[in-house]
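# A structural walkthrough
Residue strings, one per chain:
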Amino acid sequence: MPAAARAAPCHLAAGACMLKFVRFPACRAATFPAKDMTFNALTALSPLDGRYAAKVESLRIHFSEYGLIRNRVRVEIEWLKKLASAHEISECPAFSDFTLVELNALITDFSVADAEAIKAIEARTNHDVKAMEYWLKDRLAGNAEVMRVSEFIHFGCTSEDINNVSHALMLK
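Just so it is clear, the model here is predicted, and its values are computed rather than measured. (Residues numbered from 1 in each chain as written. Predicted model: local features only at pLDDT ≥ 70, side-chain atom pairs only at ≥ 80, totals over all residues. Heavy atoms only, no water.)

### Remarks on helix H4 (residues 97-108)
To keep it simple, the criterion reads: A run of H or I in DSSP becomes a helix once it reaches four residues, and a run of E becomes a strand once it reaches two; helices and strands are each numbered from the N terminus. Multiplying 1.5 Å by the residue count of a helix minus one yields the expected span of that helix. Think of it in three bands: with a 1.4 Å probe and only protein chains considered, a residue is buried below 20% of the maximum accessible area for its type, exposed above 50%, and partly exposed in between. It is the directions from the helix axis to the C-beta atoms that the arc portrays. Residues count as neighbours in contact if any of their non-hydrogen atoms are within 4.5 Å of one another.
Here H4 contains 12 residues, and its C-alpha end-to-end distance of 16 Å stays within 8% of the 16 Å for a straight helix at 1.5 Å per residue. Listed in full, the buried residues belonging to H4 are Thr99, Leu103, Leu106 and Ile107. Summarising the axial view, the buried residues of H4 lie within an arc of 105 degrees, below the 170-degree limit, and thus occupy one face. Exposed residues on H4 whose side chains face more than 90 degrees from its buried face are Asp97, Phe98, Val101 and Thr108. Those residues of H4 that are buried lie in contact with helix H3 (65-85), helix H6 (128-139) and helix H7 (144-148).

Structure representation (structure tokens):
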């Protein structure tokens, strides 16, 4: 290895690290006013949304905000079903087959419109998981079985519990 390469502090060839000697003035948002920021490959937040969007399209359902919200709904519903199936919790009796079908349909039929409805509630509550809880109660308002135990939605959970499991499901 040439001596110049060994002497470079970042282990790159000498000269490749010349930026460390450049002084950049302090930047403020006003220094670089937004021009035309219409969405395109160059204005995307990352190359994944920009130039690689077509290559990662199939991942969008899993790793988008929609995917996260969908998994939150799944976690909350599965938790409620688990509580209802626990004989030790008499205040939350087992659900009928009809209710289980309805709960499962909320998971399998979850749509972008559903996620948008949750985001609209979040705009009022300023809390993502609480907005999803309210949405679930609204969507299930016609089911008397669920309404009798609606306070068990999110029971014993923190938002972090829901988010941790939801993020893990994104990777599964």
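Okay, back to it.
### Here's the deal with the environment of Tyr52
Note that Tyr52 resides in the loop between helix H1 (3-7) and helix H2 (60-63). With 11 residues separating them along the chain, Tyr52 and Ala41 place their C-alpha atoms 8.5 Å apart.

### Here we look at the pattern of salt bridges
What counts is decided by this rule: Every case where a carboxyl oxygen of Asp or Glu lies within 4 Å of a side-chain nitrogen of Lys or Arg is listed as a salt bridge.
A full pass over the atoms with the stated rule returns 9 salt bridges. Where Lys119 meets Glu65, a salt bridge forms, and the shortest distance between an N and an O atom there is 2.8 Å. Of the two residues, Lys119 sits in helix H5 (residues 112-125) while Glu65 sits in helix H3, which places them 54 residues apart along the sequence. Of the residues examined, Lys119 reaches a relative accessible area of 31% and is grouped as partly exposed. Arg72 is the partner of Asp128 in a salt bridge, and the nearest nitrogen-oxygen pair spans 2.9 Å. Highlighted residues: Asp128 in helix H6 and Arg72 in helix H3, separated in sequence by 56 residues. Overall, the relative accessible area of 24% leaves Asp128 in the partly exposed class. Accessibility expressed as a relative area gives 5% for Arg72, which makes it buried. Through salt bridges with shared partners, one network takes in Lys130, Glu133, Lys137 and Glu151.

### Thoughts on helix H8 (residues 159-171)
If you check H8, its first and last C-alpha atoms are 19 Å apart, about what 13 residues at 1.5 Å a residue would give, namely 18 Å. Within the sequence span of H8, burial applies to Ile162, Asn163, Ser166, Leu169 and Met170. Taken end-on, H8 shows its buried residues confined to a sector of 125 degrees, consistent with a single buried face. Against the buried residues of H8 lie H2, H3 and H6.

### Here's the deal with unusual backbone geometry
Positive phi values are uncommon outside glycine, yet Asn126 reaches one of about 60 degrees. Take Asn126: its relative accessible area is 70%, and that puts it in the exposed class. Even without being glycine, His154 reaches a positive phi, approximately 75 degrees. Given the relative accessible area of 13%, His154 is considered buried.

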